[in-house]
Amino acid sequence: MKRGKQAVAERGIWQGRIPYGYVRGDDGKLALGDELKINTVCRIFAEYTSGRSLRSIAHKLNADGVSA
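Worth saying up front: this structure is predicted, and the values here are computed from it rather than measured. (Residues numbered from 1 in each chain as written. Predicted model: local features only at pLDDT ≥ 70, side-chain atom pairs only at ≥ 80, totals over all residues. Heavy atoms only, no water.)

## A few points about the packing of helix 2 (residues 35-49) against helix 3 (residues 54-63)
Relative orientation of the contacting elements helix 2 and helix 3 amounts to 140 degrees, with a least axis distance of 10 Å. It follows that helix 2 is oblique to helix 3 by the angle criterion. With respect to the hand of their crossing, helix 2 and helix 3 are arranged in right-handed fashion. Contacts between helix 2 and helix 3 pair Thr40, Arg43, Ile44, Glu47 and Tyr48 from the former with Leu54, Ile57, Lys60 and Leu61 from the latter. Looking at side-chain class alone, the contact of helix 2 with helix 3 contains five nonpolar, one polar and three charged residues. (Axes fitted to C-alpha atoms, helices over the stretch in contact; angles between N-to-C directions. Helix = DSSP H or I, 4+ residues; strand = E, 2+ residues; numbered from the N terminus. Parallel < 35°, antiparallel > 145°, perpendicular 65-115°, else oblique. Left-handed = near helix turned anticlockwise from the far one by under 90°. Contact = heavy atoms within 4.5 Å. Nonpolar A, V, L, I, M, F, W, Y, C, P; charged D, E, K, R; others polar.)

Here it is as structure tokens:
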């Protein structure tokens with residue numbers, strides 16, 4: 001099983017849960033997904049790096065009606 005997973009990883013094919021904002025392409029590799037989700041990820045990153053806590057970011061996203 002380990003050799004199989006390693007072979008898949010060496011080909012660059014994503015294994016496991018797909019991160020928010022991405023999709024798995026026809027070739028099995030990650031590609032950017034829905035633009036709204038990409039913008040949400042960028043917003044979370046910008047707010048976090050400006051010093052806001054994850055909790056306050058989550059509250060703001062919920063207040064703005066952003067869903068997962």
